Amino acid sequence: MSKKALEIKELKREFKMGSETVRALKGITFDVEPGEFVTIMGSSGSGKTTLLNILGCLDKPTIGDYFLDGVDIKKLNRDELAQLRNHKIGFVFQSYNLLARTSALENVELPLLYNKGISVSERRERAMHALEAVKLENRFDHMPNQLSGGQQQRVAIARALVNQPVMILADEATGNLDSRTSYEIMALMQELNSTQGKTIVFVTHEPDIAAFSSRTIQLRDGIVQKDTKNENPKSAKEMLAALPVTDDYKI
Amino acid sequence: MNFSNLFRIAYRALLRNKLRAFLTMLGIIIGVASVIAMVAIGQGSKQSIHDQLSSMGTNMLTVQPASNLNGGVRIAGTSFQTLTSKDIDALKNHPQYITELSPSVSSKGQAINGALNWPTTMTGVSPEYLDIRKLSVKDGIPFTQNDVLTSAKVCLIGQTVIDNIFPNGENPIGKIIRFGHIPFQIIGVLSPKGFNTFGQDQDDILIAPYTTVQKRILATIYYSNIYASAASEDVTDLAVTEMTNKLRASHRLRDSEDNDFTVRTQQELIATLSSTSGLLTVLLTVVASISLVIGGIGIMNIMYVSVTERTKEIGLRMSIGARGKDILLQFLMEAILISITGGVIGVLLGFLSTQIVTMTLGWPTIISQSSVVLSFVVCAVTGIFFGYYPAQKASRLDPIEALRYE
Ligand SMILES: Nc1ncnc2c1ncn2[C@@H]1O[C@H](COP(=O)(O)OP(=O)(O)O)[C@@H](O)[C@H]1O
Ligand SMILES: [Mg+2]
């Protein structure tokens, strides 16, 4: 592979809290190849979110290098970082972060509104397409409060996909969901990874979620404790099929 | 980001909370509506004053006695006694400037018809007075120069006096009434004129020959006023100069002495009153503008609350690619949309309330285009001005902090 999806070198992030300095990341180095499905594991406070925020260009490291798709983010200003987030990154959050009283379709359209080169019709089409990818095309006019947690998270994933980013970043995206719904989300992630070749960096603290990825990076107190390849990740689709069918989960 | 996207984002954000948007608008709505209504009322009253004064004759001239500070003590102008028949003689025979002349003396008293009486004013004038003041006799006939010469006890009666001392609709013509102790025969009824700009009832009046009032009621040789008609509106200024010179001569005033009278033209009066009601318009506008500013502060207040409340939304927008500038413009756009929509509703409400004022209170109103345009511009500026700081606050939020905000 010529170009890495992302490359970080000796990444450190410190927070000044009055006189104290909290060292959240203490020197992290790893690469991610395009098309990899990486999970970042670690106990609470180990620095997962801090790392993901940097990977997502929401935050800058105190020291260290970060190349996203070959671009040195240190050289970019606030506005350029926003552009980069818009074009190259799709975020999925633990709490979905959908706009209330706004239809699924309009929520998915949101990133395209910040992308100049897209016409009204193309925007609608791409948003619809993204909703199809998460199998919610027939709920396009539903408001978030008319959708289940899993469906809301799928809308959020559609929103992350709509601008055709090189990388999807998810922070505890299954954290608010029960295990069946979590598997549904993971099945979706695996599908996006295998069929569309999306690079995925997925933060979780649940080992059974990590089992679905092709690689797991274990963080501990701001350093990489373990970086393991998973030669045969479990299939979330199969796991889902194996679960006893209970109608309660189907909305 | 292009304008249509910006508009769409702001528009959707407002639709998401219609009630809040409306409440924010309320201040602007009331502000604009009151500016428009106030200016309409001010302009309307100005115009009606002008119309009324014009209907009294734009070439009317009035001479009033005045203080000339002789002896250093000033007294109220009306209590001066400087105008006499000598002055009338002095002003006569200048047809190129003055076409008609009438002295005037007034007396307050009771008009009595049998058991009924009514407090009113009797004005003593010459026959020309009716022409000068654009009065007319509806029934009967006006008195003549002969009645003046003989100090005839005849009078013309105004409608209000008729209503009060002839309440049963009988024809007053030919009837004898008393004013004070003096019996007067009614020979004519004046056409009603209604109330004037100062709220005086112009029909509450008796008009008699000035000689009758002077000799039989007041026992005076002085006039309280002299009325005259300028030959035309164009020569009023010349007429004023001419009259001033003649009166000064007649009063034997030395060059060093001030006039002991004033000559007023109707135009002066119109100008004075117009400027007074112009001042009223300014005052009303200022009051209304203050409410517009308060409306603007309302926008700022709610926008600040809104920014805080929507911190998480702002964080999300930033995380999916909104630049600080995009957020700034979104909130600014929201503020502008609110103030302009409020402005439109305010204009409509202003029109409506102006109509209501005209219909229910009968006040004359004129909606001026400039007030509509002005309040609209002020609205937009208010939106930008008061929306800017909250918008700037929003644009400077840190995306991570904002996303984490609960
Ligand atoms: N903005 C911040 N200010 C100060 N300390 C922070 C901030 N963000 C994170 N930290 C600290 O950094 C460490 C790592 O936090 P985080 O990345 O959120 O952990 P995780 O997501 O793995 O639970 C924690 O000790 C946390 O208190
Ligand atoms: Mg975390």
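Everything quoted here is computed from the prediction, not taken from an experiment.

### Re the confidence of the model for chain B
Thinking step 1. On average, residues of chain B carry a pLDDT of 86, and 96% of them reach 70 or more.
Thinking step 2. Under the prediction, the complex receives an ipTM of 0.93, its pTM being 0.73.

### Quick word on empty space enclosed by the protein
Picture a little ball the size of a water molecule; that probe, rolled over the atoms, points out where space is still empty.
Residues and elements named next belong to chain B.
Thinking step 1. A full pass over the atoms with the stated rule returns three cavities of 30 Å³ or more.
Thinking step 2. Of the voids in this model, the largest cavity is the one considered here, and its volume is about 70 Å³.
Thinking step 3. The set of elements that each furnish at least two residues to the lining of the largest cavity consists of helix H1 (3-15), helix H2 (18-55), helix H9 (266-309) and helix H11 (324-361).
Thinking step 4. Residue composition of the lining of the largest cavity, grouped by class: six nonpolar, three polar and three charged.

### Here's the deal with the site of ligand 1
Thinking step 1. Taken together, 13 residues sit near ligand 1, with A:Gly45, A:Gly47, A:Lys48, A:Thr49 and A:Thr50 positioned nearest.
Thinking step 2. Neighbouring residues of ligand 1 are not confined to one chain but are distributed across chains A and B.
Thinking step 3. Backbone polar atom of A:Gly45 to an oxygen atom of ligand 1: 2.7 Å apart, as the coordinates give it.
Thinking step 4. Backbone polar atom of A:Ser46 to an oxygen atom of ligand 1: 3.3 Å apart, as the coordinates give it.

### A word on the pairing of strand E4 (residues 63-68) of chain A
Residue and element names in this part refer to chain A.
Thinking step 1. The two faces of E4 differ: Gly 64, Tyr 66 and Leu 68 on one face are buried, but Ile 63, Asp 65 and Phe 67 on the other face are not.
Thinking step 2. Pairing of strand E1 (residues 6-17) with E4 involves five bridges; the strand directions are antiparallel. Counted as the bridge partner of Leu 6 is Leu 68 from E4.
Thinking step 3. As paired elements, E4 and strand E5 (residues 71-72) share two bridges and run antiparallel to each other. Pairing of Leu 68 across the sheet is with Val 71, part of E5.
Thinking step 4. The hairpin formed by E4 and E5 contains two residues between the paired strands, and Asp 69 there has a positive phi angle of roughly 55°.

### Considering the pattern of salt bridges
Residues and elements named next belong to chain A.
Thinking step 1. Under the counting rule described, the total for this entry stands at 26 salt bridges over all chains.
Thinking step 2. The partner of Glu 36 in a salt bridge is Arg 215, and the shortest N-O contact between them spans 3.1 Å. Taken together, the residues span a long stretch of sequence, with Glu 36 in the loop between strand E2 (20-32) and strand E3 (37-41) and Arg 215 in strand E9 (residues 215-220) at a distance of 179 residues. With respect to class, Glu 36 is no different from Arg 215; both count as buried.

### Remarks on the packing of helix H3 (residues 104-113) of chain A against helix H5 (residues 149-161) of chain A
All names here are of chain A.
Thinking step 1. The N-to-C vectors of H3 and H5 enclose an angle of 30°; their axes lie 7 Å apart at closest approach. On the basis of their axis angle, the class for H3 and H5 is roughly parallel. In the crossing of H3 with H5, the sense of the turn from one axis to the other is right-handed. Each of Ala 104, Asn 107, Val 108 and Pro 111 in H3 lies in contact with H5, whose residues at this interface are Val 155, Ala 158 and Arg 159.
Thinking step 2. Per-class residue counts for the contact of H3 with H5 are five nonpolar, one polar and one charged.

What counts and how
- Residues numbered from 1 in each chain as written.
- Chains lettered and ligands numbered in written order.
- Predicted model: local features only at pLDDT ≥ 70, side-chain atom pairs only at ≥ 80, totals over all residues.
- Heavy atoms only, no water.
- pLDDT = per-residue confidence, 0-100.
- 1 Å grid on protein atoms, 1.4 Å probe; cavity = no way out; pocket = protein on both sides within 12 Å on 5 of 7 lines; lining within 4 Å.
- Points joined across faces, edges and corners; volume = space filled by probe spheres on them.
- Helix = DSSP H or I, 4+ residues; strand = E, 2+ residues; numbered from the N terminus.
- Nonpolar A, V, L, I, M, F, W, Y, C, P; charged D, E, K, R; others polar.
- Near = heavy atom within 4 Å.
- Polar contact = N/O pair within 3.5 Å; in protein donor to acceptor, adjacent residues only side chain to side chain.
- Buried < 20%, exposed > 50% of the residue type's maximum accessible area, 1.4 Å probe, protein only.
- Pairing = 2+ DSSP bridges.
- Salt bridge = Lys/Arg side-chain N within 4 Å of Asp/Glu carboxyl O.
- Axes fitted to C-alpha atoms, helices over the stretch in contact; angles between N-to-C directions.
- Parallel < 35°, antiparallel > 145°, perpendicular 65-115°, else oblique.
- Left-handed = near helix turned anticlockwise from the far one by under 90°.
- Contact = heavy atoms within 4.5 Å.

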